[in-house]
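Notes for the structure review
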Amino acid sequence: MAGGSQITQADTETRYEVFHTDCPARDVVDHITSRWGIWVLISLQGNDLRFYELRESIRGISEKMLAQSLRALVQDGLIWRHVEPTTPPQVTYGLTEFGREVGEPLGELFDRITQRLGSRP
C-alpha cells in the first residue's frame, strides 16, 4: 500500500479496533470527548474538587449533566470518587493515574488554543 499505513495481524492483537462500533475503547473516547467530559478532566487537573466546586468551575453545566459525566468517567477509571459519611455527604473527585495521562494532553491542547486565540490580530 503506497503512501498509507497498513494494519498487520500483530497490530490487531495488541490494539483495539477503535473504528469498530463494538470497541470498548470507543466508549471511553466518547465519554472523554463528550460536551462536558473534557471540561471535567481539565478542571480536575492538579485539583481534587467537590461536586459543587466542579459545577461552579464549569459554567453552563447542569447538575444532571455533571452527575452523568462524572458517573461515566468514574466507571471508565479516569476519575475517582470519595464520599465522606457526613450529613449531607461530602463527595470529592480527582484524577486517577489514567485520568492524569489522558488529561495532560487535553490541558496542553486547551492552553495552545487559548494562546493562539489571544495572539489573534
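The notes below deal with the structure included here. Model, not experiment: these values are computed from the prediction.

1. What to know about helix α2 (residues 24-32)
For α2, the full list of buried residues reads Ala25, Val28 and Ile32. End-on view of α2: buried residues confined to an arc of 60°, all on one side of the axis. Those residues of α2 that are buried lie in contact with α3 (37-43), α5 (63-75) and α6 (97-118).

2. Some details on the pairing of strand β2 (residues 79-84)
Summarising the sheet, β2 and strand β3 (residues 90-95) pair through six bridges and their orientation is antiparallel. Among the inter-strand pairings, Ile79 is bridged to a residue of β3, identified as Leu95. Counting the residues that bridge the hairpin from β2 to β3 gives five residues.

3. Section: the pattern of salt bridges
The tally for this structure, following the rule as stated, stands at one salt bridge. Put simply, Arg55 and Glu63 hold a salt bridge, and the shortest N to O gap is 3.0 Å. Judged by its relative accessible area of 47%, Glu63 falls in the partly exposed class.

4. Describing the sheet that holds β2
The strand order β1-β3-β2 describes an open sheet built from three strands, whose pairing is antiparallel. The open sheet has two free edges, formed respectively by β1 (49-50) and β2, since each of these has just one partner strand. Of the pairings in the sheet, the one linking β1 to β3 comprises two bridges and is antiparallel in character. Note on β3: the bridge partner recorded for Leu49 is Tyr93. Packed onto the sheet, α5 meets β2 and β3 and runs at close to 115° relative to β2.

5. Re the nonpolar core
In this structure, Leu41, Leu44, Leu54 and Ile79 are the most contacted members of the largest nonpolar core, which totals 21 residues. Apart from residues lying up to four places away in sequence, Leu54 is in contact with Ser43, Leu44, Leu49, Leu66, Leu70 and Tyr93.

6. Quick word on the environment of Pro105
For Pro105, the location among the structural elements is in helix α6. The class of Pro105 is partly exposed, set by a relative accessible area of 42%. It is 9.7 Å that separates the C-alpha atoms of Pro105 and Ile42, two residues lying 63 residues apart in sequence.

Rules used in this analysis
- Residues numbered from 1 in each chain as written.
- Predicted model: local features only at pLDDT ≥ 70, side-chain atom pairs only at ≥ 80, totals over all residues.
- Heavy atoms only, no water.
- Buried < 20%, exposed > 50% of the residue type's maximum accessible area, 1.4 Å probe, protein only.
- Helix = DSSP H or I, 4+ residues; strand = E, 2+ residues; numbered from the N terminus.
- Arc of directions from axis to C-beta.
- Contact = heavy atoms within 4.5 Å.
- Pairing = 2+ DSSP bridges.
- Salt bridge = Lys/Arg side-chain N within 4 Å of Asp/Glu carboxyl O.
- Axes fitted to C-alpha atoms, helices over the stretch in contact; angles between N-to-C directions.
- Core = buried A, V, L, I, M, F, W, Y, C linked by side-chain atoms within 4.5 Å.

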